[in-house]
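Examination of the molecular architecture
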Amino acid sequence: MNESPRGDVLAKTGDETTGDAPYGKIGVLLVNLGTPDDTDYWSMRRYLKEFLSDRRVIEINPVLWWPILNGIVLTTRPSKSGEAYRSIWNEELDESPLRTLTRAQSEKVADKLGHRDDIIVDWAMRYGTPTIASRIDALTKRGCNRLLVFPLYPQYAAATTATVNDTVFDKLKTMRVQPALRTVPPYPKDPVYIQALADSITAHLADLDFEPEVIVASYHGLPKAYIDKGDPYQCQCMDTSDALREALGPLGDKLKTTFQSRFGRAEWLQPYTDKTMEALARDGVKRIAILTPGFVADCVETLEEIAGEACEIFLEHGGEQFSFIPCLNDSDGGIRVLVHLIEQELKGWAD
């Protein structure tokens, strides 16, 4: 009489038979936007091509977009973007700050969850390396048959959260044995996140030798057309600002919301951060502080565009004192937020 194959004889993860390897673990994958591997022309071109070829990011008809992307954008933009990255590059590790910080976040989250030997924490980038597919392979080969994917965006946008999830789903399509899957939803009003932001603002302002007249919350921009199609991003940004304003108490009366990083000629979410910096200075505001609550870790958009360009604009038009409030990054408060959200989503899997 033939016996049926037993699941405890072989554990198969991904495409590899692991034999006696541990099985039944939970993989937690932190995913941020992405980073070039270097600042030279060809590294920047590869990164920008992957990013700007994503139909979630650029919703223009691909027949129209292809010649613009390959004939104009990828000819001129890599050099300019490379210059921006060079201005904030982590020379010691020869990598972008976003890579440094995302790795540090992953390591610190793993340390906080270290009392659970059934949880493995890893990290990936949607564009560039390490890829989402490669890290899913690594987690499944280590015995993870359950996967929690954490798109590191507090506010949902199809061009950020959705494209991370798309890429995860695409990888799972190729797998004979798929892990069970959960994804962390956006958290624009989560009280732990809001309190961490409020604490970072008050701690930063306490160390300044001036009192800002205005506190600007600058979020990454999005084409207005995407909002018109139903993207909830703008509403969620305003939810964050409203909750943060309340958490700050009287200080919250100084909070102003803007949107940065617009690209191309289309109308984007307003008010624009750069135009606001100019207008505030021209209106006589001399002292401001600015934070970027839509970013979990500092990157070229926060360090070069805000701490650098926005500061220059404000000072050139009459402002006198400018201070950039860093992202939560791998601070104690920032890690507390990530661990809180992970533990919240693992309920039922890891109680």
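Scroll up to find the structure this text is about.
Residues numbered from 1 in each chain as written. Predicted model: local features only at pLDDT ≥ 70, side-chain atom pairs only at ≥ 80, totals over all residues. Heavy atoms only, no water.

**Observations concerning the packing of aromatic side chains**
As a reminder of what qualifies: Only Phe, Tyr and Trp rings take part, Trp by its six-membered ring, and two of them pair if their centres are within 6.5 Å. Stacked means planes under 30 degrees apart, edge-to-face means over 60, and tilted covers everything else. Each helix is a run of H or I in the DSSP string that is no shorter than four residues. Each strand is a run of E no shorter than two, and both are numbered from the N terminus. Charge-over-ring placement is defined geometrically: NZ (Lys) or CZ (Arg) within 6 Å of the ring centre, and within 35 degrees of the ring normal.
The tally for this structure, following the rule as stated, stands at 8 aromatic pairs. Pairing tyrosine 187 with tyrosine 193 gives two aromatic rings, centres 5.1 Å apart and planes at 85 degrees, and the pair type is edge-to-face. Ring geometry for tyrosine 219 versus phenylalanine 259: centroids 6.1 Å apart, planes at 35 degrees, classification tilted. Of this pair, tyrosine 219 sits in strand β7 (residues 214–220) while phenylalanine 259 is found in strand β8 (residues 255–260), placing the two residues 40 residues apart along the sequence. A network of ring pairs unites the aromatic residues Tyr47, Phe51 and Tyr127 as a single cluster. A cation over an aromatic ring shows up here: arginine 182 above the ring of tryptophan 349, its NZ or CZ 4.2 Å from the ring centre. In this structure, arginine 262 is placed above the aromatic ring of tyrosine 272, and the distance from its NZ or CZ to the ring centre is 4.0 Å.

**With respect to the sheet that holds strand β6 (residues 180–183)**
What counts here: Between any two strands, at least two bridges found by DSSP are needed for them to pair. Between the N-to-C directions of two axes lies an angle of 0 to 180 degrees, each axis being a line fitted to C-alpha atoms and, for a helix, fitted only over the stretch in contact. In what follows, a contact means two residues having at least one pair of non-hydrogen atoms within 4.5 Å.
Spatially, β4-β3-β5-β6 is the arrangement adopted by the 4 strands of the open sheet, whose pairing is parallel. Unpaired on one side and paired on the other, β4 (119–128) and β6 mark the two borders of the sheet. Adjacent strand axes in the sheet meet at a mean angle of 25 degrees, parallel and antiparallel pairs treated alike. With 4 bridges connecting them, strand β5 (residues 144–151) and β6 associate as parallel partners. Looking at β6, one finds that leucine 148 is bridged to arginine 182. Contacting β3 (25–35) and β4, helix α1 (residues 41–52) crosses the sheet at an angle of about 95 degrees to β4. Against the sheet, helix α3 (residues 97–112) touches β3 and β4, its axis set at about 165 degrees to β4.

**Structural notes on the side chain of arginine 45**
How we decide: Categorising residues by exposure relies on relative accessible area from a 1.4 Å probe, with only protein chains included: less than 20% of the type maximum marks a residue as buried, more than 50% marks it as exposed, and the intermediate range marks it as partly exposed. Note that His is not counted, nor are the chain ends; the positive residues are Lys and Arg, and the negative ones are Asp and Glu. In what follows, salt bridge is the name for a side-chain nitrogen of Lys or Arg lying within 4 Å of a carboxyl oxygen of Asp or Glu.
By the element assignment, arginine 45 lies in helix α1. Of the buried charged residues, arginine 45 lacks a salt bridge, with aspartate 40 as the closest side chain of opposite charge at 10 Å. When near neighbours in sequence (up to four residues on either side) are disregarded, arginine 45 contacts Asn70, Leu74, Thr75 and Pro78.

**Overview of the sheet that holds β8**
Strand-to-strand pairing in sheets goes through backbone hydrogen bonds, with the strands running parallel or antiparallel. With respect to topology, 4 strands assemble into an open sheet ordered β8-β7-β9-β10, the strand pairing being parallel. If you trace the sheet from one side to the other, it starts and ends with β8 and β10 (321–325), each paired once. Across the sheet, the mean angle separating the axes of adjacent strands is 25 degrees when strand polarity is ignored. Two elements, β7 and β8, share 6 bridges in a ladder whose sense is parallel. Each residue of the ladder has a partner; that of alanine 217, found in β8, is threonine 257. Strands β7, β9 (287–291) and β10 of the sheet are contacted by helix α6 (residues 191–206), whose axis makes an angle of about 140 degrees with β10.

**Some remarks on helix α9 (residues 273–282)**
As a reminder of what qualifies: What the arc covers is the set of directions going from the helix axis to the C-beta atoms.
Of the residues making up α9, those classed as buried are Thr273, Thr276, Met277, Leu280 and Ala281. Here the buried residues of α9 occupy an arc of 130 degrees about the axis, which is enough to place them on one side. Tucked inside the fold, the buried residues of α9 contact β7, β8, β9, α11 (305–316) and β10. The positive-phi residue at the C-terminal boundary of α9 is glycine 284, with phi of around 100 degrees.

**Digging into the packing of α3 against helix α12 (residues 332–345)**
The line we're drawing: The scheme is simple: roughly parallel for angles under 35 degrees, roughly antiparallel for over 145, roughly perpendicular for 65 to 115, oblique for anything else. Put simply, a crossing is left-handed when the front helix is turned counterclockwise from the back one by less than a right angle, and right-handed when it is turned clockwise. Any residue outside Ala, Val, Leu, Ile, Met, Phe, Trp, Tyr, Cys, Pro, Asp, Glu, Lys and Arg is labelled polar, Gly included; the first ten of those are nonpolar and the last four are charged.
Here α3 crosses α12 at 60 degrees, and the two axes come no closer than 10 Å. Judged by the angle between their axes, α3 and α12 are oblique. In this structure, α3 meets α12 at a crossing whose hand is right-handed. Of the residues in α12, those in contact with Gln105, Lys108, Val109 and Lys112 of α3 are Ile335, Leu338, Val339 and Ile342. Partitioned by chemical class, the residues of the contact of α3 with α12 number 5 nonpolar, 1 polar and 2 charged.

**As for the pairing of β7**
With respect to burial, β7 is a largely interior element, 6 of its 7 residues being buried. By the bridge criterion, 4 bridges tie β7 to β9 in an arrangement that is parallel. Bridge pairing links valine 216 to isoleucine 290 in β9.

**Topic: the pattern of salt bridges**
Summed over all chains, the structure comprises 17 salt bridges. The salt bridge partner of aspartate 166 is arginine 56, with a shortest N-O separation of 2.7 Å. In this pair, aspartate 166 is assigned in helix α5 (residues 158–173) and arginine 56 in the loop between α1 and α2 (62–88), connecting sequence segments 110 residues apart. A relative accessible area of 24% places aspartate 166 in the partly exposed class. Here arginine 56 falls in the partly exposed class, since its relative accessible area comes to 32%. Two residues, glutamate 211 and lysine 254, come together in a salt bridge whose shortest N-O distance is 2.9 Å. Here lysine 254 lies in the loop between α8 (233–247) and β8 and glutamate 211 lies in the loop between α6 and β7, a separation of 43 residues in the sequence. Through salt bridges with shared partners, a single network forms among Glu50, Asp54 and Arg126.

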